[in-house]
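# Geometric and topological summary
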Amino acid sequence: MNRARTIAVLTLALALTACIAKQGPGAVNPSGPGFLEGLLHGFVFPVAWLVSLFTDDIAVYAVPNNGGWYNFGYFLGICVIGVGARSSKRR
């Protein structure tokens, strides 16, 4: 019981730290990559991640970007077009 409570408290603390995370002022640039670039970066994420393990020239996320629209495009690129688009087989 004590171990389960410790794990629950640590999990809750970790989840709460995500609530206070925010981008620094230098990370948002209105002329930076926008929605379409975010969509492309999200779509190529699996390949970019693999390459980024072996080289420092490739990143999986563009910083600075134009903020919310880039994030939305990145999310759609990963979930809808990219990795998350795998459908299960129905029988």
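### Looking at the overall build of the chain
Along the chain, the regular secondary structure elements total four helices and zero strands. Starting at the N terminus, the α and β elements of the chain follow one another as α-α-α-α. Looking at the chain as a whole, 15% of its 91 residues are labelled buried. Long-range pairs, those at least 24 residues apart, make up 75% of the contacts in the chain between residues at least 6 apart in sequence. Roughly 7400 Å² of accessible area belongs to the chain as shown, and the carbon and sulfur atoms make up 68% of that amount.

### Examining the packing of helix α2 (residues 35–43) against helix α4 (residues 68–81)
Running from N to C, α2 and α4 point in directions that differ by 35°, and their axes come no closer than 6 Å. Handedness of the crossing formed by α2 with α4: right-handed. Contact with α2, carried on its side by Phe35, Glu37, Gly38, Leu39, His41, Gly42 and Phe43, involves Trp69, Tyr70, Phe72, Gly73, Tyr74, Leu76, Gly77, Ile78 and Ile81 of α4 and no other residues of that element.

### Some details on the packing of aromatic side chains
Tallying each qualifying case throughout the model produces six aromatic pairs. The interplanar angle of 85° and the centroid separation of 6.2 Å between the aromatic rings of phenylalanine 35 and tryptophan 69 together place this pair among those described as edge-to-face. Of the two residues, phenylalanine 35 is situated in helix α2 and tryptophan 69 in helix α4; the sequence distance between them amounts to 34 residues. The exposure class of phenylalanine 35 is partly exposed, given its relative accessible area of 28%.

### Considering the confidence of the model for the chain
Mean pLDDT over the chain stands at 84; residues scoring 70 or higher make up 86%. Helix α1 (residues 2–19) is the least confidently modelled element of the chain, averaging 86 in pLDDT, while α2 averages 93, the highest of any element.

### Section: the environment of glycine 67
Mapped onto the secondary structure, glycine 67 falls in the loop between α3 (45–52) and α4. According to the relative accessible area criterion, glycine 67 is buried, its value standing at 6%. As for glycine 67 and valine 28, which are separated by 39 residues in sequence, their C-alpha atoms are 5.5 Å apart.

Calculation rules
- Residues numbered from 1 in each chain as written.
- Predicted model: local features only at pLDDT ≥ 70, side-chain atom pairs only at ≥ 80, totals over all residues.
- Heavy atoms only, no water.
- Helix = DSSP H or I, 4+ residues; strand = E, 2+ residues; numbered from the N terminus.
- Buried < 20%, exposed > 50% of the residue type's maximum accessible area, 1.4 Å probe, protein only.
- Contact = heavy atoms within 4.5 Å.
- Areas by Shrake-Rupley, 256 points an atom, 1.4 Å probe, with all protein chains shown as cover.
- Axes fitted to C-alpha atoms, helices over the stretch in contact; angles between N-to-C directions.
- Left-handed = near helix turned anticlockwise from the far one by under 90°.
- Phe/Tyr/Trp six-rings, centres within 6.5 Å; stacked < 30°, edge-to-face > 60°.
- pLDDT = per-residue confidence, 0-100.

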